[in-house]
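# Survey of secondary and tertiary structure
Residues per chain, in single letters:
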Amino acid sequence: MKPTEVQDAVAKGAVVLDMRPPKPFAKEHVPGAVNFQFNRADLAERAEMSLPQDLTYIVHAEPDPIAKVAIGILSKAGFSVDGYLEGGLKQWKADGLPTEALPLLTVDELKDGLDRYHVVDTRESFEFRFGHVPGSTCLEWTEPWDQMEGLESEKPLALVCGDQVRSAYVASVMQRAKMDAALVFGGMVDWLERGYPVEKSPKKAKAPRI
Amino acid sequence: MIMKQFRFEPLAQASYLIGCPRAKEAVIIDPIDDLGAETYVLEAADLGLTITGVFETHVHADYISCARELAEMNDVPHYLHESATDLVQYSFTPFKDGQVFEVGGVRIKTLHTPGHTPEHTSFLVTDTARTDEPWCVLTGDALFVGDVGRPDLLLGDQALDVMDEATRAETLYRSVKDRLFALPDHVEVYPCHYGGSTCGGVNMSGKAASTIAFEKRFNLAMRKDTPEAFAAFVKETAKPFPDDYARIKSYNLGLISKDAITEAAV
């Protein structure tokens, strides 16, 4: 699909699935895009676990051969896919279309400003119980989108996972809902490597809902 | 660090992905057209890695390279040793001997190891997340497991051949002895070919990995004491020339189109 065709489809409700790694996604992406990591081995399974079945998707992956493979996998899994963004972000920008960024935080920035953020941990609950950033809320990445979008917070959200794949997915869904969400790059791996404090909880802490 | 060896069995060819799981970046070394650029692109994507460069140890004569296509597809540089500038008819990003490339926490240092071809370069790899000591070396067609690259793949075009066969053999001997065998014993050896390939002699092992220490002790060609004895041994143990090598090399140099290779072969 040409960039303007993608733009028109998005205006009609299609969702751009951006399958690039979180770093380039955070730097720049098609406004409203959801970051969903590519992997031939488990893409279908992860999509079935977490993506709404009633939406229409447009794939954005670079270079184009990845997008073609992703469309095949998603279509076979029963998802409705319109096509892919031909020529990627380079073509999108060459056609003068706007992009947006996802705010990034390092674990050091999170540690220094811990009282200013509401930390949301997007790993599975068993990982969360094992150890998490003190004061954080568990919101598994497989939760339905309306649950992610309905997280109540006075403070900006800081999204955490093991590294940044699941957290980037949840952060991007939140960004679509105009929520103030930042991605903590490096996640628990970097947090633990720095020796920063962790909290353990005996059972899953449920996130407050609107 | 992440390292993956891709094997194309019909030509006993090995290409490589080397990447950093933290930086989520990777480079591809010696990609082969028989596997196709998409193979490397999809493997990198499966690992969540962005391809940041394509390297070649040398301009190959026995298989069609897809380095140009892969670099273009990913909009990243195609790296070759600077001495290839006078040989190839397309633009690439030249590197010098001893140049260091950082792929996240992985360090790749170029070691010019001419002989098989004048521009031939090996890549010394260090995983700085573990140590500053090198861990492995991609030896291309200089050092194979159990053998060395053949120094006699000449095209009969003086402008391209640069060195004669005898000079190449001596140069190769010195490259392996003085440069590769000067590396620490523990360094692993990953070649561009293994047993069955016509780029080396009859003593190539089917095992596509070794160590500097093992090759120092048991590489038959390199156990010769003089460049002359080495050259004679390499000639005696050589295999027939690879199929279509002149046309393949011409394509890899950018002299003819890909169609021209197959048309001529039919």
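What counts and how
Starting from 1, residues in each chain are numbered consecutively following that chain's sequence as written. Each chain takes a letter, starting from A, and each ligand takes a number, starting from 1, following the order in which they are written. This being a predicted model, a pLDDT of at least 70 is required before a residue's local features are given, and a value of 80 or more before pairs of side-chain atoms are given or counted; all residues contribute to the totals for chains, interfaces and linings. Hydrogens are left out, water is left out, and the side-chain values use all remaining heavy atoms of the structure. Think of it this way: any DSSP run of H or I at least four residues long counts as a helix, any run of E at least two long counts as a strand, and we number them from the N terminus. Only C-alpha atoms enter the radius of gyration; for comparison, a globular chain is expected to reach 2.2 Å times N to the power 0.38, where N is the number of residues. Classification of residues uses two cut-offs on accessible area relative to the type maximum, computed with a 1.4 Å probe and protein chains only: under 20% is buried, over 50% is exposed, and between them is partly exposed. Values of accessible area rely on a 1.4 Å probe in the Shrake-Rupley scheme; residue burial ignores everything except the protein chains shown. In this charge count, Lys and Arg are treated as positive and Asp and Glu as negative; neither His nor the chain ends contribute. Think of each charge as sitting on NZ of Lys, CZ of Arg, CG of Asp or CD of Glu. Paired strands are those between which DSSP finds at least two bridges. Residues count as neighbours in contact if any of their non-hydrogen atoms are within 4.5 Å of one another. Axes here refer to lines fitted to C-alpha atoms; in helices the fit is confined to the stretch in contact. Angles between the N-to-C directions go from 0 to 180 degrees. Each salt bridge in this description consists of a side-chain nitrogen of Lys or Arg and a carboxyl oxygen of Asp or Glu lying within 4 Å of one another. Take the buried residues of types Ala, Val, Leu, Ile, Met, Phe, Trp, Tyr and Cys, join any two whose side-chain atoms come within 4.5 Å, and each joined set is a nonpolar core. As annotated, the domain borders come from an automatic or database domain assignment. Any Phe, Tyr or Trp ring, taking Trp's six-membered ring, that has another such ring centre within 6.5 Å forms a pair; planes under 30 degrees apart are called stacked, those over 60 apart edge-to-face, and the others tilted. Note on geometry: a ring has a charge over it if NZ (lysine) or CZ (arginine) is within 6 Å of the ring centre and within 35 degrees of the ring normal. Here the arc refers to the set of directions running from the helix axis out to each C-beta atom. What counts as buried area is the accessible surface, traced by a 1.4 Å probe, that two parts surrender upon association, with contributions from both included. Here a polar contact is recorded for every N or O atom pair within 3.5 Å, except that within protein the pair must consist of a potential hydrogen donor and a potential acceptor, and residues adjacent in sequence are included only if both atoms are side-chain atoms. When describing relative orientation, an angle under 35 degrees is termed roughly parallel and one over 145 degrees roughly antiparallel, while 65 to 115 degrees is termed roughly perpendicular and anything else oblique. Helix crossings fall into two classes, left-handed where the near helix is turned counterclockwise from the far one by less than a right angle and right-handed where it is turned clockwise. Ten residue types, Ala, Val, Leu, Ile, Met, Phe, Trp, Tyr, Cys and Pro, are classed as nonpolar, four, Asp, Glu, Lys and Arg, as charged, and the remainder, Gly among them, as polar.

Looking only at helices and strands, one finds 10 helices and 9 strands in chain A. Against the globule reference of 17 Å for 210 residues, chain A gives a C-alpha radius of gyration of 17 Å, in line with a compact fold. C-alpha atoms of chain A, sized along the principal axes, occupy 50 × 35 × 35 Å. Among the 210 residues that make up chain A, the fraction classed as buried is 54%. Counting every atom, chain A has about 9300 Å² of accessible surface; 52% of that belongs to carbon and sulfur. Here chain A contributes 25 positively and 32 negatively charged side chains, and the mean placements of these two sets differ by 2 Å.

What follows deals with the sheet that holds strand β7 (residues 137-138) of chain A. Residue and element names in this part refer to chain A. Strands sit in the order β5-β9-β8-β6-β7 across an open sheet of 5 strands; the sheet is parallel. Two strands in the sheet have a free side with no partner beyond their single neighbour: β5 (104-106) and β7. As defined by bridge partners, strand β6 (residues 118-121) adjoins strand β8 (residues 157-160) across 4 bridges and the pair is classed as parallel. Within the sheet, the bridge partner assigned to V120 lies in β8 and is L159. Each of β8 and β9 (181-185) is contacted by helix α9 (residues 165-176), which is oriented at about 150° to β8, the strand it contacts most.

So, about the pattern of salt bridges. By the definition in use, this model includes 25 salt bridges over all chains. Ionic pairing is found between B:E9 and B:R7, a salt bridge with its closest N-O pair at 3.2 Å. Linked by salt bridges that have partners in common, A:R40, B:K4, B:E43 and B:D46 make up one network.

Glancing now at the nonpolar core. Counting 78 residues, the largest nonpolar core has A:M19, A:L51, A:V59, A:L74, A:Y169 and A:M174 as the members making the most contacts within it. Counting contributing residues per domain, this core is built from domain 1 (3-94) and domain 2 (104-193) of chain A, each supplying no fewer than three. Ignoring anything within four residues of it in the chain, the contact list for A:L74 reads A:L17, A:M19, A:L43, A:A47, A:V59, A:F79 and A:V81. Counting 23 residues, the second-largest nonpolar core is a separate cluster that includes B:Y16, B:A23, B:F95 and B:V103.

Another point: the packing of aromatic side chains. The relation between two aromatic rings is expressed through the spacing of the ring centres and the mutual angle of the planes. The final tally for this structure, using the stated rule, is 16 aromatic pairs over all chains. Taken together, a centroid distance of 6.3 Å and an interplanar angle of 75° make the contact between A:W141 and A:Y169 edge-to-face. Note that A:W141 is positioned in the loop between β7 and α8 (145-149) and A:Y169 in helix α9, a separation of 28 residues in sequence. Comparing A:W141 with A:Y169, the two get one shared label, buried. Ring centres of B:F55 and B:F95 lie 6.4 Å apart, and the angle between their planes is 35°; on these two criteria the pair is classed as tilted. Here the residue B:F55 occupies a position in strand β4 (residues 50-55), and B:F95 occupies one in strand β6 (residues 93-95), the gap between them amounting to 40 residues. For B:F95, a relative accessible area of 1% puts it in the buried group. The structure contains a cluster of three or more aromatic residues connected by ring pairs, namely B:F55, B:Y79, B:F95, B:F101 and B:F123. A cation over an aromatic ring shows up here: A:K200 above the ring of A:F130, its NZ or CZ 4.8 Å from the ring centre.

Residues and elements named next belong to chain A. Residues of helix α1 (residues 3-11) that are buried: P3, V6 and A9. End-on view of α1: buried residues confined to an arc of 120°, all on one side of the axis. In this structure, the buried residues of α1 make contact with β1 (15-18), β3 (56-60), β4 (80-84) and α5 (88-94). Once α1 ends, the next one or two residues include G13, with phi positive near 110°.

Residue and element names in this part refer to chain B. As summarised here, the arrangement of the 6 strands in space is β7-β8-β9-β10-β11-β12, forming an open sheet in which the pairing is mixed. At either margin of the open sheet sits one strand with a lone partner, and together these are β7 (100-103) and β12 (210-211). Two elements, β7 and strand β8 (residues 106-112), share 4 bridges in a ladder whose sense is antiparallel. Each bridged residue has a counterpart across the sheet, and for V100 the counterpart in β8 is K109.

This next bit is on the domain arrangement of chain A. Often the size quoted for an interface is simply the accessible area lost on bringing the parts together. All names here are of chain A. Domains assigned within chain A are domain 1 (3-94) and domain 2 (104-193). Computed from C-alpha atoms alone, the centre-to-centre distance between domain 1 and domain 2 is 22 Å. Domain 1 puts 18 residues into the contact, and the matching count from domain 2 is 14 residues. The junction of domain 1 with domain 2 conceals about 1300 Å² of combined surface from both sides, 74% of it contributed by carbon and sulfur atoms. Summed over the shared surface of domain 1 and domain 2, the number is 0 salt bridges. There are 4 residue pairs in polar contact (both at pLDDT 80 or more) connecting domain 1 and domain 2. Elements with a contribution of two residues or more to the side of domain 1 that touches domain 2: α2 (22-27), β2 (34-35) and α3 (43-50). Take the side of domain 1 that touches domain 2: its biggest share by element is 4 residues, from α2.

Okay, the packing of helix α1 (residues 37-46) of chain B against helix α2 (residues 67-74) of chain B next. Residues and elements named next belong to chain B. As a packed pair, α1 and α2 sit with axes 9 Å apart at the nearest point and diverge in direction by 45°. Considering the angle they form, α1 stands oblique to α2. Crossing of α1 against α2: the hand is right-handed. Touching A37, E38, Y40 and V41 of α1 are E69, L70, M73 and N74, all from α2. Looking at side-chain class alone, the contact of α1 with α2 contains 5 nonpolar, 1 polar and 2 charged residues.

The next subject is the interface of chain A and chain B. Between chain A and chain B, the residue contacts involve 17 residues of the former and 14 residues of the latter. Both sides of the chain A and chain B interface together cover about 1300 Å² of buried area, and 52% of this is carbon and sulfur. Of all residues in chain A, the largest losses of buried area upon contact with chain B belong to A:R40, A:P63 and A:P65, amounting jointly to 35% of the total for that side. The tally of links from chain A across to chain B stands at 6 salt bridges. Here A:D163 and B:K24 are joined by a salt bridge, their closest N and O atoms 3.6 Å apart. For the interface between chain A and chain B, the tally reads 5 residue pairs in polar contact (both at pLDDT 80 or more). Contributing elements (two or more residues each) for the side of chain A that touches chain B: α2, α4 (64-76) and α10 (187-193) of chain A. Class assignment for the residues of the side of chain A that touches chain B results in 8 nonpolar, 3 polar and 6 charged.

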